[in-house]
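So you can see what is in the structure, the chains are spelled out below.
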Amino acid sequence: MVYSVFYYASEAITRFTIGLTLKILEYMQQRRRRMVEEKPKEEKPSVPTWGFFSTTNPYGVREYVWIGKATNLKVSIPELVKLPIQAHELRKPPTRLFFTFAEAASKNWFKEIEWLAEQAEKRGGVAGAT
Amino acid sequence: MLLEVIVEADVQCPRCEKLVPMLRRICDDLNIPFIVKYIGSRAVAAHEESVASRTFSLEWVERHGLQEHKKKLKKIAPILNYMQRIGAQTFPNVIIRWHDGVRPKEIVIRGFDPYGKEAKTYLSNIYMLLKTLKSVVYRR
């Protein structure tokens, strides 16, 4: 019994001393290399400084302004509006009239051109002897 | 371009060689842009949509050809075979292209015979046509 008391007492003392030394070593190591923590950054709101910007000019018309990135360039482009004019839309297909050498050399060639043009109008495209 | 003249030609074509300077002179006189496109025998010309439209074969002449052609078939046979083999093309093709304000329009004329009597009327016809087209297109 006495033997066991001494045994446990000595074990407790060694455990305490070893634990203490380990704790001291750990503390010293922590002091030596300090952990650097990243500072929280402040997020700035992104404002574009270059590119296309849609604005309204003093006359009340919408327009796009191109502001250059490296150059001090400012180009204003008016907004594209589809004009309701008939000529802008290519409704009729391109016409082609075909002739041979003999036809082109004949005296009635111009009459033939007129007639073929009429035929092409009706067909809406190509006409002629191929 | 509002009005232009294009000639599709081949480098080895003697008819093109005769026609090009004459047309160039006409166009220079009328101050119209003139372009010569040298295209090979295998290229697809203005008047055709694909190479499949070329019918120079003996079988075609036997079936659909005229009586005159059938009579001369024996003589023509080797030439036809050769043309079929190389995929021969008709040259020159004169393309007169103009824009009337609404759409582009074209007149394509195939072939030219510099030795025939018709060459003179052909050239004068083209001259007249270009002159009238120029007055219509440019309004002068």
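Bear in mind the structure is a predicted one, so any value in this text is a computation, not a measurement.

Enquirer: Help me get a handle on the overall build of chain B, residues and values and all.
Expert: A count of helices and strands for chain B gives 5 helices and 4 strands. The linear arrangement of helices and strands in chain B, starting from the amino end, is β-α-β-α-α-α-β-β-α. Across chain B, every contact between residues at least 6 apart in sequence was considered, and the portion connecting residues at least 24 apart equals 66%. Approximately 8800 Å² of chain B is accessible, and the part contributed by carbon and sulfur atoms is 54%.

Enquirer: Can you explain the overall build of chain A? Please cite residues and give values.
Expert: A tally of regular secondary structure across chain A gives 3 helices and 5 strands. Helices and strands appear in chain A in the N-to-C order α-β-β-β-β-α-α-β. Of the roughly 12300 Å² that chain A leaves accessible, carbon and sulfur atoms contribute 60%.

Enquirer: Would you mind going over unusual backbone geometry in detail, with residue names and values included?
Expert: Positive phi, close to 60 degrees, is recorded for B:N31, a residue that is not glycine. Looking at the element boundaries, B:N31 is found in the loop between α1 (14-30) and β2 (34-38).

Enquirer: Kindly report on the side chain of B:N125, identifying the contributing residues and their values.
Expert: Relative to the helices and strands, B:N125 resides in helix α5 (residues 118-138). With relative accessibility at 9%, the residue B:N125 sits in the buried group. Polar contacts involving the side chain of B:N125 include one to the main-chain carbonyl oxygen of A:S106, which spans 2.9 Å. With near-sequence residues (within four places) excluded, B:N125 lies in contact with A:A104, A:A105, A:S106, A:W109 and A:F110.

Enquirer: How would you sum up the interface of chain B and chain A? Please name residues and give values.
Expert: Counting residues at the interface gives 22 residues for chain B and 19 residues for chain A. Of all residues in chain B, B:R103, B:R110 and B:N125 give up the largest surface area on contact with chain A, accounting jointly for 30% of the area buried on that side. The interface formed by chain B and chain A includes 1 salt bridge. With a closest N to O distance of 2.4 Å, B:E106 and A:R96 form a salt bridge.

Enquirer: Go over a nonpolar patch on the surface, please, and point to the residues and values.
Expert: All names here are of chain A. Together, F16, L20, I24, Y27 and M28 make up an exposed nonpolar region whose accessible area comes to about 540 Å². Relative to the assigned elements, M28 resides in helix α1 (residues 2-32). Assessed through its relative accessible area of 45%, M28 is described here as partly exposed.

How each quantity is defined
Residues numbered from 1 in each chain as written. Chains lettered and ligands numbered in written order. Predicted model: local features only at pLDDT ≥ 70, side-chain atom pairs only at ≥ 80, totals over all residues. Heavy atoms only, no water. Helix = DSSP H or I, 4+ residues; strand = E, 2+ residues; numbered from the N terminus. Contact = heavy atoms within 4.5 Å. Areas by Shrake-Rupley, 256 points an atom, 1.4 Å probe, with all protein chains shown as cover. Buried < 20%, exposed > 50% of the residue type's maximum accessible area, 1.4 Å probe, protein only. Polar contact = N/O pair within 3.5 Å; in protein donor to acceptor, adjacent residues only side chain to side chain. Buried area = accessible area lost by both parts, 1.4 Å probe. Salt bridge = Lys/Arg side-chain N within 4 Å of Asp/Glu carboxyl O. Patch = residues over 30% accessible without salt bridge, like charges linked within 9 Å, V, L, I, M, F, W, Y side chains within 5 Å.

Function cannot be read off these values alone, since they describe shape.
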